[in-house]
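Analysis of the macromolecular model
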Amino acid sequence: VTSQEICPADCWKPHCTDGAAWNGGTPLVGDVCEHVCSKKFGETRYCGSSDKYAMGDSVNCTSCQKQAAVPRPLPAPKIAAIGDAQRIREAILEVWTSSAT
């Protein structure tokens, strides 16, 4: 049994994304919604547990609760973040200028 047989594809990121907490939205757990993904707004559905999310062409994602517990592979570690190069450059310059005096 694959995850797509248990949990509808529309419950998975990028088809469904975090809902807004102020109107009953819920965040995805890992990459999957565990409640209801709303009708489409453009190309995106939003995850939530209130009636506002269960209207129209919404998708029931409660079967996905077991899927969220399945470990996902970790993303590859980044060697350096974008801002790190600037901080490293500044630190080297600081050391260089202090040793030159």
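Keep in mind it's a predicted model, so treat the numbers as computed, not measured.

Some words on the side chain of Thr26
Along the polypeptide, Thr26 turns up in the loop between β1 (16-17) and β2 (36-37). For Thr26, a relative accessible area of 14% translates into the label buried. Apart from the residues lying within four places of it in its own chain, the contact partners of Thr26 are Asp18, Gly19, His35, Cys47, Gly48 and Ser49.

Topic: the sheet that holds β2
The mixed open sheet is built from four strands, whose spatial order is β1-β3-β2-β4. Bordering the open sheet on either side are β1 and β4 (59-60), each of which pairs with just one other strand. Of the strand pairs in this sheet, β2 and strand β3 (residues 45-48) are connected by two bridges, and their pairing is antiparallel. Note that in β3 the partner of Val36 across the bridge is Gly48.

Some thoughts on unusual backbone geometry
The linkage connecting Lys13 with the following residue, Pro14, adopts the cis geometry, with an omega of 10 degrees. Assignment of secondary structure puts Pro14 in the loop between α1 (3-6) and β1.

As for the state of the cysteines
Under the criterion given, the structure shown has four disulfides. Two residues, Cys11 and Cys61, share a disulfide whose sulfurs are 1.9 Å apart. Across the disulfide from Cys11 to Cys61, rotation about the S-S bond amounts to roughly -85 degrees, and the bridge is consequently left-handed. Taken together, the positions of Cys11 in the loop between α1 and β1 and Cys61 in the loop between β4 and α2 (65-68) put the pair 50 residues apart, joining distant regions of the chain. Both residues of the pair, Cys11 and Cys61, belong to the buried class. Paired by a disulfide, Cys33 and Cys47 hold their sulfur atoms 2.1 Å apart. In this structure the cystine formed by Cys33 and Cys47 twists about its S-S bond by roughly 75 degrees; its chirality is therefore right-handed. Of this pair, Cys33 sits in the loop between β1 and β2 while Cys47 sits in strand β3, and the two are 14 residues apart along the sequence. Of the two residues, Cys33 and Cys47, both sit in the buried class.

A word on the pairing of β3
Bridge analysis of β1 against β3 gives two bridges, and the strand direction is parallel. Looking at β3, one finds that Thr17 is bridged to Tyr46.

The rules behind each value
In every chain, residue numbers begin from 1 and rise along the written sequence. Per-residue local features are limited, in this predicted model, to residues with pLDDT of at least 70; the limit for side-chain atom pairs, both in listing and counting, is 80 or more; totals at the level of whole chains, interfaces and linings are taken over all residues. Hydrogens and water molecules were not included; the side-chain quantities draw on all heavy atoms of the structure. Under the scheme used here, helices are H or I runs from DSSP no shorter than 4 residues and strands are E runs no shorter than 2 residues, and both carry numbers assigned from the N terminus. Think of it in three bands: with a 1.4 Å probe and only protein chains considered, a residue is buried below 20% of the maximum accessible area for its type, exposed above 50%, and partly exposed in between. Residues are treated as being in contact if the distance between any of their heavy atoms lies within 4.5 Å. DSSP bridges decide pairing: two strands pair if at least two such bridges lie between them. Our working definition of a disulfide is a cysteine sulfur pair at a distance within 2.5 Å.

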